[in-house]
Structures are given as C-alpha cells and as structure tokens.
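Understanding the architecture of this molecule
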Amino acid sequence: SDTQASVGVAQLEKFPTFVEKRKENQKKLYDAPLDFKELQLVETQPNSDPSWFGFMMTLTNEAKFTRNEIVEFLEGSNIQTRNLFAGNMTRHPMFDSMVLNQDYRIVGELTVTDTIMTNSFWIGLYPGMGDEAIGYMIEKIREFVQSK
C-alpha cells in the first residue's frame, strides 16, 4: 500500500544510521572483557563489512553449563536471545524423507555444524540500544559465566 511504502522509504533514509549503530554495539560487546574460555565470539572476517543484527556466542568445550542454562538466565534477566537458525541442516526433519547420496550428500563429519547447532545463540544489537543496555548485557553474561 502507499502507506506501507511511505513508511519503508522513511526507514530506508535511516538505514545507514542503523547499520553504523549496530556495528558500534557489536564492537562494544566484542571489546568488553567477555574473554571467558567458555564462550567463543564471532569475529569480523578480513575484507568483510557486516551489518550485525545480533551478537553470536558459542559455548566451548570448557563450558560448565549448557546453552539452555545461559539462555534461560539471560531471558530471565530481560535479555532476549535467539538460537542460531542453521547449523547442521541435515538434522532437520525435512531430510528424513530424503535419500543420502541421491537427494543430498555430506562431505566430512559435520562436527563444527553440530557444535554451532547445539551450542550457539544470539543476543540482539537493536540500533536503539544505548550504552546502559549494552553494559547491562555484559554484566549479566559475566555474572552467569563467573557463577559456574
């Protein structure tokens, strides 16, 4: 509709600001002292310029807690989380009706994709988030990891 298009055009004008704010929020979280051996953080790759919609963390083998435990703690602290929506796609029920090496193929053991599927989660990087909210998320992550 014309109304929706009008809103969309207005949002597009804000897009560059949103992207920069998401990058700033990601950098604040990444640069925070979250260097726990229990969490692996995603790094910006060379020659890339991502617009971060979320801040992903993956539990390492050193973690003395599960993804569900940290997610429940963060959600209980009013910090929204999301599980990674990918990982080992061959474990999706859709593949139950498919035939390996006919409909699809697997190369290797897929151990990294299994780890990502079971041990990764996101917290949001909403562009309207200020330093207080970022600081609160850092504090709560630190509180949970140090309690284990």
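Residues numbered from 1 in each chain as written. Predicted model: local features only at pLDDT ≥ 70, side-chain atom pairs only at ≥ 80, totals over all residues. Heavy atoms only, no water.

Description of the nonpolar core
Counted only if it meets this: By nonpolar core is meant a set of buried Ala, Val, Leu, Ile, Met, Phe, Trp, Tyr and Cys residues that side-chain atoms within 4.5 Å join together. Buried residues are those whose accessible area, probed at 1.4 Å on protein chains only, stays under 20% of the maximum for their type, while exposed residues exceed 50% and partly exposed ones sit between those limits. Counting from the N terminus, the helices are the DSSP runs of H or I reaching at least four residues and the strands are the DSSP runs of E reaching at least two. We call two residues contacting when some pair of their heavy atoms lies within 4.5 Å.
One finds Leu29, Leu34, Ile70 and Ile123 to be the most contacted residues of the largest nonpolar core, which totals 26 residues. Secondary-structure elements contributing two or more residues to this core are strand 1 (39-41), strand 2 (54-59), helix 2 (67-76), strand 4 (120-124) and helix 4 (131-146). Broken down by element, the residue count for this core peaks at six residues, all from helix 4. When sequence neighbours within four positions are dropped, the list of residues in contact with Ile123 reads Leu29, Gly54, Phe55, Met57, Leu74, Ile79, Gln80, Thr81, Met137 and Ile141.

Notes on the confidence of the model for the chain
Parts of the prediction with low pLDDT should not have their coordinates interpreted in detail. For the record, the criterion: Values of pLDDT, the confidence the predictor places in each residue, fall between 0 and 100.
Considering every residue of the chain, the mean pLDDT works out to 91; 100% of them sit at 70 or more. Confidence, expressed as mean pLDDT per element, reaches its minimum in the chain at helix 1 (residues 2-31) with 89 and its maximum at helix 2 with 97.

Considerations on the packing of helix 1 against helix 4
Our working definition: Under this scheme, a helix contributes an axis fitted over its contacting stretch, all axes are lines through C-alpha atoms, and angles between N-to-C directions fall in the 0 to 180 degree range. Each helix crossing is assigned a hand: it is left-handed if the near helix lies turned anticlockwise from the far helix by less than a right angle, otherwise right-handed if that turn is clockwise. In this classification, the charged set is Asp, Glu, Lys and Arg, the nonpolar set is Ala, Val, Leu, Ile, Met, Phe, Trp, Tyr, Cys and Pro, and all remaining amino acids, among them Gly, are polar.
One way to put it is that helix 1 packs onto helix 4 with a least axis distance of 10 Å and a crossing angle of 35°. Relative to helix 4, helix 1 is oriented so that their crossing is right-handed. Residues Asn25, Lys28 and Leu29 of helix 1 touch helix 4, and the partners they reach there are Asp131, Ile134, Met137 and Ile138. Of the residues assigned to the contact of helix 1 with helix 4, the class counts are four nonpolar, one polar and two charged.

Points about the packing of aromatic side chains
To keep things clear, this is the line we draw: Aromatic rings from Phe, Tyr and Trp, taking only the six-membered ring of Trp, are treated as a pair when their centres fall within 6.5 Å; an angle between ring planes under 30 degrees marks them as stacked, one over 60 as edge-to-face, and anything in between as tilted.
If you walk through the whole model with that rule in mind, you get four aromatic pairs. A ring pair is formed by Phe65 and Phe144, whose centres lie 4.9 Å apart and whose planes are at 85°; its orientation type is edge-to-face. Taken as a pair, Phe65 in the loop between strand 2 and helix 2 and Phe144 in helix 4 lie far apart in primary sequence, 79 residues in all. For Phe65, a relative accessible area of 6% translates into the label buried. Of the residues examined, Phe144 reaches a relative accessible area of 5% and is grouped as buried. Members of the aromatic cluster, joined through ring pairs, are Phe65, Phe73 and Phe144.

Focus: the layout of surface pockets
Applicable threshold: For each structure, a 1 Å grid was placed over the protein atoms alone; sets of points admitting a 1.4 Å probe that cannot get out are labelled cavities, open sets with protein on both sides within 12 Å along at least five of seven lines are labelled pockets, and lining residues have an atom within 4 Å of a point. Grid points are joined across faces, edges and corners, and a volume is the space filled by probe spheres set on the points.
Here the largest pocket defines a volume of roughly 200 Å³. Forming the walls of the largest pocket are Gln40, Leu41, Val42, Met56, Thr58, Leu59, Thr60, Asn61, Val112, Thr115, Ile116 and Asn119. Elements with a contribution of two residues or more to the lining of the largest pocket: strand 1, strand 2 and helix 3 (111-119). For the lining of the largest pocket, the element with the highest residue contribution is helix 3, accounting for four residues. The residue makeup of the lining of the largest pocket, split by class, is six nonpolar, six polar and no charged.

Description of the sheet that holds strand 4
Put simply, the rule reads: Strand pairing requires that DSSP identify at least two bridges connecting the strands.
As summarised here, the arrangement of the four strands in space is 1-2-4-3, forming an open sheet in which the pairing is antiparallel. Only two strands of the sheet have a single partner each, and these edge strands are strand 1 and strand 3 (81-83). Averaged over neighbouring strand pairs, the angle between their axes works out to 35° when direction is ignored. Where helix 3 meets the sheet, it contacts strand 2 and strand 4, and its direction lies at approximately 50° from that of strand 4.

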